[in-house]
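This is what each chain is made of:
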Amino acid sequence: MDSSVFAFVEDLRGEGVERVLDRISGYGAAGVTVGAVHHAARDITPHGLSRLTVRRDGAHFTPPGDLFSGLRLRPPAGHQDAFDGLREACGERGLRLHGWTVFLRNATLGEAHPDVTVRDCFGDRGSPADLCPAHPDARAYAVALARAVARLGVDSVVAESLHFRPLRAERSFVPLGPMDAYMFGLCFCDYCMRRAADLGVDAEVAREECARILGGVLNGDPPAQGEVTRAALTAYAGPDVVAYARARSETVTTLVSEVASAVGDEGSRLVFADATGGVKGYRDGLPTPGLAAHDAWQLGVDLVALGDLVPAFAVLAYARDAARVADDVGAYLRSVGKDREVRAVLRPGYPDTDSADRLVAKARAAKAAGASAVDFYAYGLMPHPVLDRIPAALSEIR
C-alpha cells in the first residue's frame, strides 16, 4: 500500500534534507510530499529551525521562463533552491517525491491584482488570498504552475486550492448560520456570472437574493439554522441561488481538466485534493455529519465529473473516529469510481489522533474502505513522538 508524509520546505532547510528524509524513510513511508508552492501562514513548529515559523506565499523553485512569459500572474519567489538535488536524495532512499502545490490561495498575487480575486454579492473583494477559478488570468496561472511543478520530476502534483474556497473572516460579531456564511462566500465576479448565465442561470437574481438575505442578517435578522444542503438552500434562498451554486462546478471541472492534462503532458500525474474534509473537520477532528464527498459541491467540486478526468484523489480524512474515515473514503470511491486512486490523508496527532492505537485504527479503516494509499500530514507540525506513531500504522496496512 502506498504512503507518503507531507513536509514543508522549511522543514528541509531547518533540519537538513538528509535528516528529514532519513526520518521519513525510517517511518516506513514510501514517499515524501513536499510543498513546492505554498501560501502564507504562521505555524507553531515544534522541532523546526524556529518554533514559530512564518511562511510566505511562494514557489520554492525557479519558475521556467517559457511557461510564464506573457502571463499576468507569476508565482512570488520562495526558497528557489529547495528542490535542488531533492529528487536524487529521495531516490537514494527509495522514496517517491510528490510536489504539493497550492494553486489559487495567494494573498500576494491577490493584493497586487485584486481583479483576479473573488467578489461577493455586495461587490466587495474582501478575500485577497482567494483567486477566482473563473478568471482567465488565474486559470492560465494555474496551468503554468502545474507544468512548472511537474517539470521538477515529481511522481505526482498534489493539487490544493484548485477550486473555490469558503468564506474565512478573521472576526465576526454577527452570528452567521452555515447557509449565510456559504452565500457570503459565493463569487459574483463578471466571469462567474457570465459562466452561470451561459448555463441558463439568472445570475443577477441569485446575486440579489444573496445580498437581500445577508443584508437582513447583518441588520439583525436571525441567521439560518442547520447544515448546507441543496434542499435547505432552496428553501432559504430560492432556486436561482442553488442553480448558481451548481454552475460553479463547470468552472472547477474545466480548470482541473486543463491542469490534469498539463501535468500529464509533462510526464507526471495529478492528485486532486478536495478541501471539503478539511473545512468540515480541521479545527477539532469532529466533522459535521454530511460526508465530505456529498458536500464537495459547495466548493464547486463535482467528483463524478472529475472521476473521468483525474487519476488520483486525496481525501482529507480529518476525523477522530475511524468509522468516519472509512465512510468518507467509501463515499469518495463511489463518486469518482472504484478504478481511481484514493489517498486518505490522516493527521497522526492533535486534534484528530490521541494515540498510536487510534492512528492504526484509522489507517486500517481507510484501507478496508478501499483507499490505495495513506498519507500523513504534516512532518513539521507534529512533535517527533507523535510522528513516531506512523510506523505502527503503516505496518498494519501493508
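The structure reproduced in this document is the subject of the present report. Quick caveat: nothing in here was measured; it's all calculated off a predicted structure. (Residues numbered from 1 in each chain as written. Predicted model: local features only at pLDDT ≥ 70, side-chain atom pairs only at ≥ 80, totals over all residues. Heavy atoms only, no water.)

## Describing the environment of Ala292
Then, number 1: Relative to the helices and strands, Ala292 is located in helix 13 (residues 292-295).
Then, number 2: For Ala292, a relative accessible area of 1% corresponds to the buried category.
Then, number 3: Spatially, the C-alpha atom of Ala292 lies 12 Å from that of Ala273, the residues being 19 residues apart in sequence.
Then, number 4: In contact with Ala292, other than residues within four places in its own chain, are Asp274, Thr276, Gly277, Lys280, Arg324, Asp328 and Tyr332. (Helix = DSSP H or I, 4+ residues; strand = E, 2+ residues; numbered from the N terminus. Buried < 20%, exposed > 50% of the residue type's maximum accessible area, 1.4 Å probe, protein only. Contact = heavy atoms within 4.5 Å.)

## Focus: the pairing of strand 10 (residues 341-346)
Regular strands place side chains that alternate from one sheet face to the opposite one.
Then, number 1: Where burial is concerned, most of strand 10 is hidden: 6 out of the 6 residues are buried.
Then, number 2: On strand 10, burial covers both faces: Glu341, Arg343 and Val345 on one face and Val342, Ala344 and Leu346 on the other are all buried.
Then, number 3: Bridge count between strand 9 (residues 312-316) and strand 10: 5 bridges; the pairing is parallel. In the sheet register, Ala314 faces strand 10, and the bridge partner there is Arg343. (Pairing = 2+ DSSP bridges.)

## Observations concerning the pattern of salt bridges
Then, number 1: With the rule as written, the count across this model stands at 30 salt bridges.
Then, number 2: Between Arg93 and Asp22 there is a salt bridge; the shortest N-O distance is 2.6 Å. On the criterion of sequence distance, the pair formed by Arg93 in the loop between helix 4 (86-92) and strand 6 (96-102) and Asp22 in helix 2 (residues 17-26) is long-range, its members being 71 residues apart.
Then, number 3: Residue Arg93 is classed as buried on the basis of its relative accessible area, which comes to 19%.
Then, number 4: Assessed through its relative accessible area of 45%, Asp22 is described here as partly exposed. (Salt bridge = Lys/Arg side-chain N within 4 Å of Asp/Glu carboxyl O.)

## Section: the side chain of His163
Then, number 1: Mapped onto the elements, His163 comes out in the loop between strand 7 (156-160) and helix 7 (178-184).
Then, number 2: A residue is classified by how much of its surface remains accessible, and His163, at 3% relative accessible area, is buried.
Then, number 3: From its side chain, His163 meets the backbone nitrogen of Ala275 in a polar contact 3.3 Å long.
Then, number 4: Look past the residues within four positions of His163 in its chain and what remains in contact with it is Leu104, Pro133, Val252, Phe272, Ala273, Asp274, Ala275, Leu299 and Val301. (Polar contact = N/O pair within 3.5 Å; in protein donor to acceptor, adjacent residues only side chain to side chain.)

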